[in-house]
Amino acid sequence: MKKLVFATNNAHKLEEIRAILGDKVEILSLNDINCHADIPETADTLQGNAALKAQYIYENYGLDCFADDTGLEVEALNGAPGIYSARYAGGEGHDSEANMKKLLSEMQDKENRKARFRTVICLIEDGKEHFFEGIVNGSIIRERKGGAGFGYDPVFMPDGYSETFAEMGNDEKNKISHRARAVQKLCEYLNK
């Protein structure tokens, strides 16, 4: 079975990716390869950040790997929070609660609620980079709904659905999410 390192320490993302890929590929986490570095995300695009993380693993561990970067892009906020989605409210680490509060506060008077989640995956296999993108369009609702998922899931409702990502639960979300769409493209590539 093919082994790939997924350059993340985010348990939610790891679980989501393993569920989507099933038993086709063995996914190793950064912990599994004893990588405890805080890999810099200093690029100004999702693609750039995904590439930085994947290159770091490939150069330092010599293992085929992939990394992703995801952003929530809100039309009325000129694409913000975008690459700053995880650190939108500032401060250390990823404070989903604070990020959501800031977003809802900034969207309070906005009529245009259109938003999209975008994931870019960078796979490095035998030293070559490959990119896969997944997008899901939707809107930012006015108050949080649902308890599943993570990040902005309670305030994001995908187009064509009457539930937020946090209300639909992981099985449903994993079929239609931005990450699922990018991973699907990764799977198709790996299965060639």
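A. Broad picture of the overall build of the protein. The helix and strand inventory of the protein stands at five helices and seven strands. For the protein, the α and β elements follow one another from N to C terminus as β-α-β-α-β-β-α-β-β-β-α-α. Against the globule reference of 16 Å for 192 residues, the protein gives a C-alpha radius of gyration of 16 Å, in line with a compact fold. Oriented by its inertia axes, the alpha-carbon framework of the protein measures out at about 50 × 30 × 25 Å. Residues counted as buried form 48% of the 192 residues belonging to the protein. Total accessible area on the protein stands at roughly 9,700 Å², and carbon and sulfur atoms take up 44% of it. Put simply, the protein has 24 plus and 32 minus side-chain charges, and the middle of one group is 3 Å from the middle of the other.

B. Seen up close, the nonpolar core. If you look at the biggest cluster of nonpolar residues, it comprises 20 residues, and the most contacted ones within it are L72, V74, L103, I140, Y152, V155 and F156. Among the secondary structure elements, those contributing two or more residues to this core are β3 (65-74), α3 (96-107), β5 (114-125), β6 (128-140), β7 (156-158) and α4 (165-176). In this structure, V74 is in contact with G79, A80, P81, L103, M107, K114, A115 and I140, ignoring residues within four places of it in sequence. In this structure, I17, L21, F132 and A182 belong to the second largest nonpolar core, which totals 18 residues.

C. A look at the pairing of strand β1 (residues 2-6). Direction of pairing for β1 relative to strand β2 (residues 25-28): parallel, over a ladder of four bridges. Within the sheet, the bridge partner assigned to V5 lies in β2 and is L28. Remark: the β1/helix α1 (residues 11-21)/β2 crossover connection has right-handed handedness.

D. Broad picture of the state of the cysteines. In total, this model carries zero disulfides according to the counting rule given. Here C35 stays unpaired: no disulfide links it, and the sulfur of C65, its closest cysteine neighbor, is 10 Å away. The thiol sulfur of C122 is not disulfide-bonded, and the nearest other cysteine sulfur, from C65, lies at 7.5 Å. Judged by its relative accessible area of 0%, C122 falls in the buried class.

E. Region of interest: the side chain of N174. Its place among the elements puts N174 in helix α4. Given a relative accessible area of 13%, N174 falls into the buried group.

Thresholds, definitions, all that
Sequence positions are assigned chain by chain, starting from 1 and proceeding in written order. Restriction of local features to residues with pLDDT of at least 70 applies here, the model being predicted, together with a cutoff of 80 or more for giving and counting side-chain atom pairs; totals for whole chains, interfaces and linings are based on all residues. Hydrogens and waters are ignored; side-chain quantities use all the structure's heavy atoms. Going along the chain from the N terminus, every DSSP run of H or I of four or more residues is numbered as a helix, and every run of E of two or more is numbered as a strand. Only C-alpha atoms enter the radius of gyration, while the globule expectation follows 2.2 Å times N to the 0.38, with N the number of residues. To sort residues, take the accessible area from a 1.4 Å probe on protein chains only and compare it with the maximum for the residue type: under 20% means buried, over 50% means exposed, and anything in between is partly exposed. Note that accessible areas follow from Shrake-Rupley with a 1.4 Å probe, and for residues the cover is restricted to the protein chains shown. When charges are counted, neither His nor the chain ends are considered; positive counts come from Lys and Arg and negative counts from Asp and Glu. We put the charge of a Lys on NZ, of an Arg on CZ, of an Asp on CG and of a Glu on CD. Nonpolar cores are built from buried Ala, Val, Leu, Ile, Met, Phe, Trp, Tyr and Cys residues. Side-chain atoms within 4.5 Å join them into one set. Only heavy atoms matter for contacts: two residues are in contact if any of them lie within 4.5 Å across the pair. By this definition, two strands are paired if DSSP reports at least two bridges between them. Classification remark: right-handed applies to a crossover when, strands pointing away from the viewer, the course from the first strand over the helix to the second runs clockwise. Throughout, a disulfide means two cysteine sulfur atoms within 2.5 Å of one another.

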